Amino acid sequence: MSWLDFFKARKPEPASASQAKERLQIVLAHERIGRTREDFLPKLQQEIVAVVARYVAIDPGRVNVSLDRGGDMSTLAIEIEMPGPQQNRPRHAAAS
Amino acid sequence: MAEVIVVTSGKGGVGKTTSSAAFATGLAQRGKKVVVIDFDVGLRNLDLIMGVERRVVFDIVNVIQGEARLNQALIRDKRVDTLSILPASQTRDKDALTKEGVGQIIEELAKDNDYILCDSPAGIEKGALLALYFADQAIVVTNPEVSSVRDSDRILGVLQSKSKRAEDKKDPVKEHLLVTRYDPARVEKGEMLKLDDIREILAIPLLGVIPESESVLRASNTGTPVVMDAESVAGQAYKDAVGRFLGEKVEHRFLEPQKKGIFSRLFGGRAA
Ligand SMILES: Nc1ncnc2c1ncn2[C@@H]1O[C@H](COP(=O)(O)OP(=O)(O)OP(=O)(O)O)[C@@H](O)[C@H]1O
Ligand SMILES: [Mg+2]
């Protein structure tokens, strides 16, 4: 920091352009893959829910898919709400 | 019952997405339940401006085509918990949006939100028409520039003839003027249209004036809606506009060139 910055009366902030570049690199890397391949997430989710539904009466509306794309690694989390032991009856599965 | 607000302009690149993000965040910061929808199918950007691009799983087209449920496609904001984002699809084309599909989504979102903001794409084609079709209110984003003012006038005509409210012969869509990228120094030099001139020509109630500000670029770099930057003049102007939208009486600020202190005159530095 030069002595001139002292007079600018603004707290020094990390340059935001480097954040812009990093964010773009990550999101574009993922989008470019997506252009050459069909979006598989909808199907993946359907199939996972179908498999789970074979064993437990679940409400397909209570499935939550979350994703965090990263540079080296992404995390895909599929959260399926399962009924408690007393409620494992079709009654719950019918609720939307 | 939620109010549906379209953020529209006709002309491209005037600040619709910046304003949608700022308004949605500002309303949510005031405790309202808000969802903001990106209607720019094929060119989504709201996710970047909101800083949620890494978390997009499903989008509005997935929901319309029955490939995902609405609550799965909604991304909850991590900073303001009453705010969520419904992204546009990046890969499909605009024809994937249907009036019925959008109508169902809005109806469903209306159940547990106070405001549904629709970030319109530029133009007056399908995407823009669908973004405004269900609107109760419209924020018309206008730059102090001839082509922008003309396009705003055009979009006002569309709101008055092609919206659902117009078709159903209900009360018209409530219109608000939001002037953005206003540079008082250039207005003073006579290089840029004056606020009063824009108001006179468009003749709709003024919601706010957002000054041209460097902090808008910084906000988009970091994916933080500019209204969260308390030091930014643009952020403060958006905050004021949100207050006015909620019926508060807030004076307009930043309409005059900023008086520069001796140091900033010596060492440069523009509007924060
Ligand atoms: N108040 C402002 N001061 C400085 N720059 C601004 C301001 N408002 C918007 N911008 C800049 O203008 C450009 C366009 O903004 P934005 O993407 O919000 O416009 P848009 O109307 O959504 O565009 P499009 O029609 O392509 O959807 C961006 O680079 C943004 O950073
Ligand atoms: Mg936009």
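Presented here is an overview of the structure given in this document. Because the structure is a prediction, the values reported are computed rather than measured.

The rules behind these values
- Residues numbered from 1 in each chain as written.
- Chains lettered and ligands numbered in written order.
- Predicted model: local features only at pLDDT ≥ 70, side-chain atom pairs only at ≥ 80, totals over all residues.
- Heavy atoms only, no water.
- Near = heavy atom within 4 Å.
- Polar contact = N/O pair within 3.5 Å; in protein donor to acceptor, adjacent residues only side chain to side chain.
- Areas by Shrake-Rupley, 256 points an atom, 1.4 Å probe, with all protein chains shown as cover.
- Helix = DSSP H or I, 4+ residues; strand = E, 2+ residues; numbered from the N terminus.
- Buried < 20%, exposed > 50% of the residue type's maximum accessible area, 1.4 Å probe, protein only.
- Lys, Arg positive; Asp, Glu negative; His and termini not counted.
- Salt bridge = Lys/Arg side-chain N within 4 Å of Asp/Glu carboxyl O.
- Contact = heavy atoms within 4.5 Å.
- Pairing = 2+ DSSP bridges.

Turning our eyes to something else, we now look at the site of ligand 1. All names here are of chain B. Surveying the vicinity of ligand 1 reveals 15 residues, the closest of which are Gly13, Lys16, Thr17, Thr18 and Arg181. Between Arg181 and ligand 1, the recorded distance is 2.9 Å, taken from a side-chain N or O atom to an oxygen atom. For ligand 1, whose accessible area on its own is 640 Å², the fraction buried by protein is 76%. Those elements that place two or more of their residues in the shell around ligand 1 are helix H1 (16-29) and strand S8 (206-211).

As a further point, take the side chain of Asp119 of chain B. Residues and elements named next belong to chain B. By the secondary structure assignment, Asp119 is in strand S5 (residues 115-119). Although buried, Asp119 forms no salt bridge, and the nearest oppositely charged side chain, Lys16, lies 6.3 Å from it. A polar atom in the side chain of Asp119 sits 2.8 Å from the side chain of Thr17. Sequence-distant contacts of Asp119, defined by excluding residues within four places in its chain, comprise Val7, Lys16, Thr17, Ser20, Ile37, Asp38, Phe39, Asp40 and Leu46.

Take the pairing of strand S7 (residues 174-182) of chain B next. All names here are of chain B. Most of S7 is tucked away: seven of the nine residues are buried. With six bridges joining them, strand S6 (residues 137-142) and S7 adopt parallel strand pairing. Its bridge partner lying in S7, Thr142 is registered against Val179. One ladder, built from five bridges, connects S7 with S8; its direction is parallel. The residue bridging Thr180 from the neighbouring strand is Ile210, located in S8.

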